[in-house]
Amino acid sequence: MTDLRLTAVQLSEPGSGPLLVLGPSLGTSVEALWAPVVSRLADSFHLVGWDLPGHGRSEAPAGTFSVADLAAAVLDVVDRAAGPGAPFAYAGVSLGGAVGLQLLLDAPDRVTSAAVLCTGAKIGTAESWAERAEQVRSSGTPRMVEGSAKRWFAPGFIERKPERTTALLHSLQDADSEGYSLACEALAAFDVRDRLGEIATPVLAVAGSADEPTPPASLAEIADGVQSGRLVVLDDVAHLAPAENPDAVAALLQAHLQTTDADRHASGMKVRRAVLGDAHVDRANAGIIDLTREFQDMITRYAWGEIWTRPGLQRRDRSLITMTALVALGHHEELAMHVRAARRNGLSVDEIKELLLQTAIYCGVPAANTAFRIATQALADEE
């Protein structure tokens, strides 16, 4: 194993929407594979791609690597492109899809939703990958062009879209032979079939009806195995769906990956209950009337579904920040609620005391005096 540093490929401008990370197939560059889809999604997402070691813009690897190593390197790509801990949606093809499954297992809090295309929880056999790795080491990636053209594209596609297929086959021919071979060996060892049930993030599994390396049954296994999966089979598509049917792939990603208000509300309610407690939330919900219904919905979606769910800070840190703001602004009723929430988020009584002492200096002694009285009562009620 070696430390991997993959190249981040900016495919659209930052600020164009939520972050969507795109992963390539073995033998392709992310730009050649995803270009037809990028033009259809650039106004909706901040699109960032990555290239496999020795492929596209990424340097050749210095040693062996696994699919888990690739997933860790993709997290580093995201941190460099969007900031440490940034959440992101993910879509990957074949080996890129396998990396997506690994990300969902290794970093479930980072990936908001995922689409895996033309892939599998296990792809091929260890023997077939070892044989291909040996072929490429002895003869180079140009030897793979003829066979890959047959595997990658549905009948008639090369004739219909020669410029698209030429770009993809050139990216294969230009790939580093050792990088390609090591990627084959990573796939030989990859098998997460018995772990699919651990994946709770929503997963869209997209298959090509004419795909031989990863047929529809391979994607059905993923959709059925994860906790929230959906299978879509595209007609007249083989192994590189984004290149073969970009209209369908873009539409599927738009529908699956963009967070809806309903999703945000559900996520926010889950966090709100975890932080404030079921009893408090149930009382708040019971008191909702027509006048307050939209206000309560807004709090759940944006305060709890947007801010408290972000990965950049721990919940205990958010409790410290929130209590400080409430003391400074004199929001005493909210302060009592968030003192109790702070205990649920792992803060000790001593840590709450230290926070209130700090507010005595920066918010004023009268504000801290009131805060200590409220906190004392809130902690006593909690006990």
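Cut-offs used in this document
- Residues numbered from 1 in each chain as written.
- Predicted model: local features only at pLDDT ≥ 70, side-chain atom pairs only at ≥ 80, totals over all residues.
- Heavy atoms only, no water.
- Helix = DSSP H or I, 4+ residues; strand = E, 2+ residues; numbered from the N terminus.
- Buried < 20%, exposed > 50% of the residue type's maximum accessible area, 1.4 Å probe, protein only.
- Phe/Tyr/Trp six-rings, centres within 6.5 Å; stacked < 30°, edge-to-face > 60°.
- Axes fitted to C-alpha atoms, helices over the stretch in contact; angles between N-to-C directions.
- Parallel < 35°, antiparallel > 145°, perpendicular 65-115°, else oblique.
- Contact = heavy atoms within 4.5 Å.
- Nonpolar A, V, L, I, M, F, W, Y, C, P; charged D, E, K, R; others polar.

Draft legend 1. Representation of unusual backbone geometry. Of note in the backbone geometry, Cys-118 takes a positive phi value of approximately 50° without being a glycine. Here Cys-118 lies in the loop between strand E5 (111-117) and helix H4 (126-139). Of the residues examined, Cys-118 reaches a relative accessible area of 0% and is grouped as buried. The backbone of Asp-236 sits at a positive phi, close to 55°, despite the residue not being glycine. Residue Asp-236 is classed as exposed on the basis of its relative accessible area of 60%.

Draft legend 2. Representation of the packing of aromatic side chains. Here the structure, examined in full by the defined rule, presents 3 aromatic pairs. Measuring from centroid to centroid gives 6.1 Å for Trp-152 and Phe-153, while their planes differ by 90°, and the two rings are edge-to-face. Neither Trp-152 nor Phe-153 differs from the other in exposure class; each is buried. Put simply, the rings of Trp-152, Phe-153 and Phe-157 touch in pairs and so form one group of aromatic residues.

Draft legend 3. Quick peek at the packing of helix H2 (residues 67-82) against helix H3 (residues 95-106). It is at 9 Å that the axes of H2 and H3 come closest, and there the two elements cross at 75°. Considering their axes alone, H2 and H3 lie roughly perpendicular with respect to each other. Where H2 approaches H3, its residues Val-67, Ala-68, Leu-70, Ala-71, Val-74 and Leu-75 are matched on the opposing element by Leu-95, Ala-98, Val-99, Gln-102, Leu-103 and Asp-106. Among the residues forming the contact of H2 with H3, the class breakdown is 10 nonpolar, 1 polar and 1 charged.

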